[in-house]
Amino acid sequence: NGYQLFNEMVEQMAADVLEISSASARRLYNAFVSSSSDLMATGIKELPSLASMPLCDRRAEDNELVVSRTLLNSTSARCPVSDASLRLIKLDKEQRKRLHDGLIDLSIEQYMEFNQRRNVTKEDSQMAATELKKFAEWLNTREGSPFTAVIDGANAAYLGQNFHQGKFNYYQIEFLVRALESMNEHPVVVLPAKYTEKNFNINLNGWKQQALEEKEEAVINWLHEKGQLYIVPAGCLDDYYWMLASISDQEVSTGGKSIDVDAKQAQAEGRFPGTRPMLLSNDLMRDHRLELFEPRLFRRWTASYIVNYNFTAFVDDECIDPEIGFSTPEFFSREIQCNPSREDTAWHFPVSDWETHERLLVRLPSSK
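Our subject in this report is the structure included herewith. Here the structure is a predicted model, which is why all the values come from computation and not from measurement. Position numbers for residues count from 1 along each chain, tracking the sequence in the order it is written. Owing to the predicted nature of the model, reporting of local features is limited to residues with pLDDT of at least 70; listing and counting of side-chain atom pairs is limited to 80 or more, with chain, interface and lining totals taken over all residues. To get the side-chain values, take all heavy atoms of the structure and skip hydrogens and water.

1. Details of the overall build of the chain
A run of H or I in DSSP becomes a helix once it reaches four residues, and a run of E becomes a strand once it reaches two; helices and strands are each numbered from the N terminus. Looking only at helices and strands, one finds twelve helices and twelve strands in the chain. Counting only C-alpha atoms and orienting by the principal axes, one finds that the chain spans roughly 75 × 50 × 45 Å. The buried share among the 368 residues of the chain stands at 50%. Contact criterion: two residues are considered in contact whenever any of their non-hydrogen atoms come within 4.5 Å of each other. Residue pairs at least 24 apart in sequence account for 69% of intrachain contacts in the chain once pairs closer than 6 positions are excluded. Accessibility throughout is a Shrake-Rupley quantity obtained with a 1.4 Å probe, and a residue counts as covered only by protein chains that appear here. When the accessible surface of the chain is totalled, it reaches about 18500 Å², and 49% of it is carbon and sulfur. The classification of residues rests on relative accessible area computed with a 1.4 Å probe and restricted to protein chains. Under 20% of the type maximum is buried, over 50% is exposed, and intermediate values are partly exposed.

Shown next as structure tokens:
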């Protein structure tokens, strides 16, 4: 029938399209009103071409055809109209493998570009892939507690340091680690090798040299002794390491079990709900190469794993405001998705120029 055909068409559409425009939402709404208004609530009329679709929060009747703009509950992911609960669409095993393989390939390209003045050979560039695979192997075979958080170390150390006395601040990394541990998380820090050297160059309001102080080296040693530090070899891009860490199965330490945190567990343990390990980084990753050839995979990864954070920048090892704020990852996906709605089926479409938690709802009655 027509509803079955609609479901099949949208399933195919959802495989290629992440969201629709408000103009498309309006056309879809009008198409249903013109063809099936007898199955919809009374008083429903077609929208003029430039009209904005009104927001609806009226709970739908059973077996009612519903096409409306709705605002999801941001803490429960529940739709007030259809009673459907949206879900987080995570990377499946095949997608994680594609991301893993894509990172290996990109690491080779990046190494060649970074070292092009040294006339490296293609064989030399395999070193980048070998090192990244070595990191993946370490994550999968290490024993002990699984990592539930991955910290982009350089990003944490540079946060807010764009002032006269600014520096690569190791105490900010320590601060973030301790904050996560107080929330029952077990973080690992990914750090480029240059920041473990006695002297290194930084670019804060121009290039300058920074010397590694004894107290700063103590932070590095503290993390190393705890088994919570991985140093990225020189010439390799640390982005690929913390991205790969976020999708690692950590086979030995997890025992093959999921370490994701559901809402009930989060409330009981004082943690964020969602995918683990979460990735702590404020890197916007605009125009990242991975997004160019895997846009859906990249968006699904960023939505599920990345946690942004903010705190007052340290001056050397001092911070006047020891508070930290986190922006948690999504626990329901901003993708076209279908979910049960009582005895019916509800489709929710993200709309590019609507608010973040607004959706176009199409609920199809099962018995009509």
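2. Some details on the nonpolar core
Nonpolar cores were defined as sets of buried Ala, Val, Leu, Ile, Met, Phe, Trp, Tyr and Cys residues, with membership established by side-chain atoms within 4.5 Å. One finds I151, F168, Y170, I173, Y195, L223 and L280 to be the most contacted residues of the largest nonpolar core, which totals 34 residues. Contributions of two or more residues to this core are made by β2 (149-152), α5 (153-158), α6 (170-181), β3 (187-192), β4 (199-203), α7 (214-225), β7 (278-280) and β8 (306-311). Top element by residues in this core is α6. It accounts for seven residues. Discounting residues that sit within four places of it in the chain, Y170 has contacts with Y195, F200, Q210, L212, E216, V219 and I220. Counting residues in each nonpolar core, the second largest holds 33 residues, with L106, A129, F147 and M243 among its members.

3. Section: the pattern of salt bridges
Each salt bridge in this description consists of a side-chain nitrogen of Lys or Arg and a carboxyl oxygen of Asp or Glu lying within 4 Å of one another. Taken as a whole, this structure holds 24 salt bridges when the rule is applied. Residues K97 and D101 are paired through a salt bridge, measuring 2.8 Å at the closest nitrogen-oxygen approach. One end of the pair is K97 and the other is D101, both in helix α3 (residues 93-114) and four residues apart, which spans about a single turn. For K97, a relative accessible area of 52% puts it in the exposed group.

4. Considerations on unusual backbone geometry
Residue P277 is bonded to the preceding R276 through a cis peptide linkage, with omega at 0°. As for its position among the elements, P277 is in the loop between α10 (263-269) and β7. The backbone phi angle of N63 is positive, close to 60°, even though this residue is not glycine. With respect to the helices and strands, the residue N63 is situated in the loop between α2 (22-36) and β1 (66-71). Residue D316 is not a glycine yet carries a positive backbone phi of 60°. Turning to its location among the elements, D316 is positioned in the loop between β8 and β9 (324-327).

5. A short note on the sheet that holds strand β12 (residues 358-364)
Adjacent strands of a sheet pair through backbone hydrogen bonds, lying either parallel or antiparallel. A pair of strands is treated as paired once DSSP finds two or more bridges between them. The strand order β1-β12-β11-β10 describes an open sheet built from four strands, whose pairing is antiparallel. Of all the strands in the sheet, just β1 and β10 (337-341) have a single pairing partner and so form its edges. Neighbouring strand axes in the sheet, compared pairwise and without regard to direction, differ in orientation by 30° on average. With six bridges connecting them, strand β11 (residues 344-350) and β12 associate as antiparallel partners. Of the residues in β12, the one forming a bridge with P350 is R359. Geometry is summarised by axes, namely lines fitted to C-alpha atoms with helices restricted to the contacting stretch, and by angles between N-to-C directions that run from 0 to 180 degrees. The strands touched by helix α1 (residues 2-14) are β11 and β12; relative to β11, the strand with the most contacts, the crossing angle is about 35°. Sheet contacts for α2: β1, β11 and β12; angle to β12, the most-contacted strand, approximately 25°.

6. So, the packing of α3 against helix α12 (residues 295-305)
Relative to each other, α3 and α12 sit at 105°, their axes nearing to 11 Å. Of the possible angle classes, the one that applies to α3 and α12 is roughly perpendicular. From α3, Q95, R96, R98 and L99 reach across to α12, where they touch L297, R300, W301 and Y305. Working definition: roughly parallel below 35 degrees, roughly antiparallel above 145 degrees, roughly perpendicular at 65 to 115 degrees, and oblique for all remaining angles.

7. Some words on the environment of Q265
Tracing the chain through its elements places Q265 in helix α10. Remark: the alpha-carbon pair of Q265 and T254, spanning eleven residues in sequence, is separated by 17 Å. For Q265, the residues in contact, after removing those within four places along its chain, are D260 and R271.

8. So, the side chain of S82
Looking at where S82 falls in the secondary structure, it is placed in the loop between β1 and α3. Its relative accessible area of 0% is what places S82 among the buried residues. Setting aside anything within four residues of it in sequence, one finds S82 in contact with S341, R342, A346, H348, L361 and R363.

9. Some words on the side chain of N30
Here N30 shows up in helix α2. A relative accessible area of 14% places N30 in the buried class.

10. As for α7
Side chains of residues three or four places apart in an α-helix project in the same direction, reflecting 3.6 residues per turn. The terminal C-alpha atoms of α7 lie 16 Å apart, and with twelve residues this matches the ideal 16 Å at 1.5 Å per residue to within 8%. Listed as buried for α7 are E216, V219, I220, W222 and L223. One side of α7 holds all its buried residues, which, seen down the axis, span an arc of 155°. Looking at α7, the residues exposed on the side facing more than 90 degrees away from the buried face are E214, H224 and E225. Lining the buried residues of α7 we find α6, β3, β5 (207-211) and β6 (229-232). Helix span, as expected, comes to 1.5 Å for every residue beyond the first. In this description, one arc is meant: the one made by directions from the helix axis to the C-beta atoms.

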